[in-house]
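Coordinate analysis (summary)
Here are the chains, one letter per residue:
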Amino acid sequence: MMNEENSNIPQPDPAWDYYEIWQSLHTIKNKIDAGIKLISAEELADNTTDEKLKEILEPALEQLESLIENDLTDYSEDIGDDE
């Protein structure tokens, strides 16, 4: 589900090679934005806010690491196949 801020972003063609990665990055960005919103309302840092921030950001980090490790291809391997 997209928030109002992202509703103005044009949706790419689902046939685009990067469509699923694009969607995943927006999901991750929304979590980061939620973390920014959380701390923006706080004047002083404390353990409760830090824990809430970790709860928001850790899944985003895991998703980003997974995306990098599993969804991005090393295209340099394809170069040697043509020879």
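What this report covers is the structure whose coordinates are included nearby. All values reported here derive from a predicted model rather than from experimental measurement.

1. A few points about a nonpolar patch on the surface
A cluster of nonpolar side chains, Trp16, Tyr18, Leu25, Leu64, Ile68, Leu72 and Tyr75, forms an exposed patch at the surface whose accessible area comes to about 660 Å². Relative to the helices and strands, Tyr75 is located in the loop between α2 (47-71) and α3 (76-79).

2. Overview of the packing of helix α1 (residues 19-40) against α2
Contact geometry for α1 and α2: axes closest at 9 Å, N-to-C directions at 160°. Classified by the interaxial angle, the pair formed by α1 and α2 is roughly antiparallel. Relative to α2, α1 is oriented so that their crossing is left-handed. Contacts from Ile21, Ser24, Leu25, Thr27, Ile28, Lys31, Ile32, Ala34, Gly35, Leu38 and Ile39 in α1 reach Thr49, Lys52, Leu53, Ile56, Leu57, Pro59, Ala60, Gln63, Leu64, Leu67 and Asp71 in α2.

3. Focus: α1
Here α1 contains 22 residues, and its C-alpha end-to-end distance of 31 Å stays within 8% of the 32 Å for a straight helix at 1.5 Å per residue. Of the surrounding secondary structure, the elements contacted by the buried residues of α1 are α2.

Rules of the game
Residues numbered from 1 in each chain as written. Predicted model: local features only at pLDDT ≥ 70, side-chain atom pairs only at ≥ 80, totals over all residues. Heavy atoms only, no water. Patch = residues over 30% accessible without salt bridge, like charges linked within 9 Å, V, L, I, M, F, W, Y side chains within 5 Å. Areas by Shrake-Rupley, 256 points an atom, 1.4 Å probe, with all protein chains shown as cover. Salt bridge = Lys/Arg side-chain N within 4 Å of Asp/Glu carboxyl O. Helix = DSSP H or I, 4+ residues; strand = E, 2+ residues; numbered from the N terminus. Axes fitted to C-alpha atoms, helices over the stretch in contact; angles between N-to-C directions. Parallel < 35°, antiparallel > 145°, perpendicular 65-115°, else oblique. Left-handed = near helix turned anticlockwise from the far one by under 90°. Contact = heavy atoms within 4.5 Å. Expected span 1.5 Å × (residues − 1).

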